[in-house]
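Structural features, examined
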Amino acid sequence: MSIPDYMQCAEDHQSVLVVVQPVGIVPEDQFFRIYKRISSVCQQSIRSSQRLLYIRYRHHYPPENNEWGDFQTHRKVVGLIAITTCASAKEWPQTSERFHGQKEVFGSTLYDSRLLVFGLQGEIAEQHRTDVAFYPDCDSCPDLERRVEDFVESIFIVLESKRLDRTTDKSGDKIPLLCVPFEKKDFVGLDTDSRHYKKRCQGRMRKHVGDLCLQAGMLQDALVHYHMAVELLRSVNDFLWLGAALEGLCSASVIFHYPGGTAGKRAARKPSISQAADSGKRHRPGAQELLIDPGALTTNGINADTSSEIGRAKNCLSPEDIIEKYKEAISYYGKYKNAGVIELEACVKAVRVLAIQKRAMEASEFLQNAVYINLGQLSEEEKIQRYSVLSELYDLIGFHRKSAFFKRVAAMQCVAPTIPEPGWRACYKLLLETLPGYCLSLDPKDFSKGTHHGWAAVQMRLLHELVYASRRMGNPGLSVRHLSFLLQTMLDFLSDQEKKEVTQSLENYTSKCPGGMEVITLPDGLKFPPVPFTKLPIVRSVTTSQPWVHSACRVRFRYFQWVQGAVCEVQLMVYNPMPFELRVENMGLLTSGAEFESLPAALALPAESGLYPVTLVGVPRTVGSITVNGYHTSVFGVNSDCLLEGLPGVKTGGCMVEVVPSLPRLLLSTSLPRSPHVAASEDISSSVALQLFNGETQTLTVTLDNIGTETLETLELSSKIISTKEKLLGDILNWDIQEAQSHLPLLPGCSLSLTVNIRVKLDFSGQENLLPDLSDDGISVTGLPISSPLRQVLKPRPESKALSADPGKNEHTHFKTLEAVMTFKYSGGGGHVEGFYRELCLGIHVDVEPSVFFTRVSTLPATSMRQCHLLLDVFNSTEHELTINAKNNQDLLLYASECQR
């Protein structure tokens, strides 16, 4: 026997084997439809007794395995059901002849047989025969199951007669020696009258009778016979049959302890129609009834008081003893080279029992032994089956990584070099089944939950094999998906060289089949979710921005809103983890809600760059709420939709922004150059800086251009001082708003100008210490600020530099600083109707320099009761000539740094 049955379990020893085969040409779908109905009759309650008969069906069974039927009766084919199609009476003789030829294959062991004929009608079909049933077609056979039940009962009758015949004590009759095929030549010429020979015959027959009792539903009798066989065979060192007797004893004890069966998960599995009968019978609800049924007959060898018999269970092995006896039996099988299949199947049965007992380590020892059992030259298909079963058994005992290892070996065997037509689809399917054992999921969401699980090196090797297998299958889309998954999830474990190789391979694949975000579904229903490249580049923060929009009815809070038809921005802080420049194409925003037009961008990030700002823009087209869900990219030919909720470095799962009706958009420019001086808390649109002498006036022209698509309808202007501790003498900024409002409404593309007068009046009291020692008497006070007609507009200077280029004069100059903000509030279009408006802020930075100081005040004796005279010493602290005007007095001309009385 060279073909093992990996489906076997201990309880199969109590079943009878029935082969169902087609005769002639039968369509495969019709055959398996009938086979499924036949195999549904997997246990039969015998009407003449209260016992159950279990049936195991096979649609293919090697005749050489049938030759081992005397060794273990559950291996003997006792029933044959042939299925054929016959269109006319002319075909009937040939069909009948084929049926008889089929019976001859198993003729020496058959108890009964049946022929099911479909399609034949007429006189022949009307004949009443017990061994042949005629049906018009496969759908018109309502009594099929009943005929199968009758067939099973006829098998039981023959089985029971053989059991009684072998059990009856026939004194004087010579007991035949039962042999396995390879023993027959070894017993030629032996002394058949020796005591040793007779004991061997008795022991083997006892074991055989135990098998028949077990099949006939007489568990306690089977236990007794097995025990007697063990003693007899042990005394004559008949090790092969001793192992069979021990295995029979184990099987009967397993049936006693585990009436629900030991097949485990396989009972619920439906791998193929060919295994339907095997898997359908694993859980036997009637097995417990067999043991404790009070109506069992004493003539059948079962005590009427079965409860006491079960309580004693003298002949039944304990769960621990079952495993010890299995070990002993397997050790005896191992002595015989030709018993490799028997040894392997015994290991499989023991593993299933240990799985029920939750003794995984001991089960792994049996499996390790099974790995090294030599079955001779196996075909590639048999090797694949062997490794697959080992994988399933390791999975059954919880050794998932070991299970994945053998499943992967089976996958590689499918494409071995010795196979003329490699089975890449089978290889790919088996590789997929190894994923759970290596802690690998093909859903990228499972890898964004924190710590990496599993063995990264093994996982990367497996993913490479999936890529190659899918390519050989002719499915480049799958190759792209697996390679994308490898790059996304294993990026941290790839070396720089591996990163380059993987990306080059990915670009080669995507040049023929671009990667996308669609779900890939295989013909068997397995689905592969999309793999977005959230690490190419890596995003650390997301910020939305757009000019502020305000609502007149929401004055207490500041709301961030976008405007219909206006360009809005979202800024991402990204970095490139790759050791080479990363080119990102078609990068844009993913939004939901109101209609939004994304304007894609392209960028090139340097190798292993630091945080790099990227601004994505778009235009809201309708009013409503927009949620920024993420962004889309195209990297290495793979299009990705990256959601914010899946980014580990981003705390928000999405940003909701309200879109208000369209508003005008103004661009502000001034007659003075722009300056970065102003550091106000407000959002400054533009800023200017200038230097003035105390009391000097400067004119600033502000130009507002309507660069939007809506008409400007309202304009308001306000100002405030934002940073000064100085005492102000009057307003700094003055303007005439009526001048600007006269240009309203301002159409798109038009502009208006506004003149703003800037005049500073500050108190420089207490600054005399900065002046040279002009006199040592008198009273020093500062005078009023004056205006110099010689003052020219000066360009803003850096804060660190004084106005004068002469450092010798800086010690006599002390600046004071003023900062102010002008706010332009404007609205128009649909937003104006809803009460929304925009704001523009202009920052103004003024450095104020003192102009004149009154250094000394003296008095003269009064010449009249109505007036007195003061003498003032005036110092010009500027670099320019200036004229001092006094009422009813002549002008006084002062040169730079000159003091006059």
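Residues numbered from 1 in each chain as written. Predicted model: local features only at pLDDT ≥ 70, side-chain atom pairs only at ≥ 80, totals over all residues. Heavy atoms only, no water.

Our focus in this paragraph is the overall build of the protein chain. Counting secondary structure elements, the protein chain contains 21 helices and 32 strands. When burial is assessed residue by residue, the protein chain has 49% of its 901 residues classed as buried. In the protein chain, 72% of the contacts between residues at least 6 apart in sequence involve partners at least 24 apart. Accessible surface, the protein chain: about 42,900 Å² in total, of which carbon and sulfur atoms supply 51%. (Helix = DSSP H or I, 4+ residues; strand = E, 2+ residues; numbered from the N terminus. Buried < 20%, exposed > 50% of the residue type's maximum accessible area, 1.4 Å probe, protein only. Contact = heavy atoms within 4.5 Å. Areas by Shrake-Rupley, 256 points an atom, 1.4 Å probe, with all protein chains shown as cover.)

Below, the discussion takes up the packing of helix H5 (residues 195-215) against helix H6 (residues 219-235). Remark: H5 packs on H6, axes separated minimally by 8 Å, with the N-to-C direction vectors making an angle of 160°. In terms of axis orientation, H5 runs roughly antiparallel to H6. The handedness of the crossing between H5 and H6 comes out as left-handed. Listed contacts from H6 to Lys199, Arg200, Gln202, Gly203, Arg204, Arg206, Lys207, Val209, Gly210, Asp211, Cys213 and Leu214 of H5 are Leu219, Asp221, Ala222, His225, Tyr226, Met228, Ala229, Leu232, Leu233 and Ser235. For the contact of H5 with H6, the residue count by class is ten nonpolar, five polar and seven charged. (Axes fitted to C-alpha atoms, helices over the stretch in contact; angles between N-to-C directions. Parallel < 35°, antiparallel > 145°, perpendicular 65-115°, else oblique. Left-handed = near helix turned anticlockwise from the far one by under 90°. Nonpolar A, V, L, I, M, F, W, Y, C, P; charged D, E, K, R; others polar.)

Going through the model one piece at a time under the given rule, you end up with 27 salt bridges. Put simply, Glu145 and Arg37 hold a salt bridge, and the shortest N to O gap is 2.9 Å. Of this pair, Glu145 sits in helix H4 (residues 144-167) while Arg37 sits in helix H1 (residues 28-39), and the two are 108 residues apart along the sequence. We note a salt bridge from Glu328 to Lys325, for which the minimum N-O separation is 3.9 Å. On the criterion of helical spacing, the pair formed by Glu328 and Lys325 is a turn pair, its members being three residues apart in helix H11 (residues 319-333). (Salt bridge = Lys/Arg side-chain N within 4 Å of Asp/Glu carboxyl O.)

Turning our attention to the packing of aromatic side chains. Between two aromatic rings, the relevant description is the distance of the centres plus the angle of the planes. Enumeration over the complete set of coordinates arrives at 19 aromatic pairs. Aromatic pair Phe32 and Tyr35: ring centres 6.4 Å apart, planes at 80°, arrangement edge-to-face. Taken together, the residues span about one helical turn, with Phe32 and Tyr35 both in helix H1 at a distance of three residues. We classify Phe32 as buried; its relative accessible area is 16%. (Phe/Tyr/Trp six-rings, centres within 6.5 Å; stacked < 30°, edge-to-face > 60°.)

This paragraph deals with the pairing of strand E26 (residues 816-827). Among the twelve residues in E26, ten count as buried, and that is most of the element. Judged from the eleven bridges that link them, E26 and strand E27 (residues 836-849) form a sheet pairing that is antiparallel. The residue bridging Thr823 from the neighbouring strand is Cys841, located in E27. (Pairing = 2+ DSSP bridges.)

A few words now on the sheet that holds strand E25 (residues 751-759). Strands sit in the order E20-E22-E25-E24 across an open sheet of four strands; the sheet is antiparallel. Bordering the open sheet on either side are strand E20 (666-670) and strand E24 (733-735), each of which pairs with just one other strand. For this sheet the average axis-to-axis angle between neighbouring strands, irrespective of direction, equals 30°. Two strands pair when backbone bridges link them, and strand E22 (residues 697-706) and E25 are joined in this way by nine bridges, in the antiparallel orientation. Bridging from a neighbouring strand, Thr699 pairs with Asn757 of E25.

Remark: helix H7 (residues 239-257) packs on H11, axes separated minimally by 8 Å, with the N-to-C direction vectors making an angle of 155°. Relative to H11, the element H7 lies roughly antiparallel. The interaxial crossing formed by H7 with H11 has left-handed handedness. Facing H7, whose interface residues are Phe239, Leu240, Leu242, Gly243, Ala244, Leu246, Glu247, Cys250, Ser251, Ser253, Val254 and His257, H11 presents Pro319, Ile322, Lys325, Tyr326, Glu328, Ala329, Tyr332 and Tyr333. Its residues assigned to classes, the contact of H7 with H11 comprises 13 nonpolar, four polar and three charged.

This paragraph deals with the confidence of the model for the protein chain. Looking at the protein chain, the pLDDT average stands at 82 and 83% of residues meet or exceed 70. When the criterion is pLDDT under 50, residues 552-558 qualifies, and its contacts beyond four places in sequence or with other chains add up to eight contacts. Across residues 773-813, where pLDDT falls below 50, the model places 74 contacts with residues more than four positions away in sequence or in other chains. (pLDDT = per-residue confidence, 0-100.)

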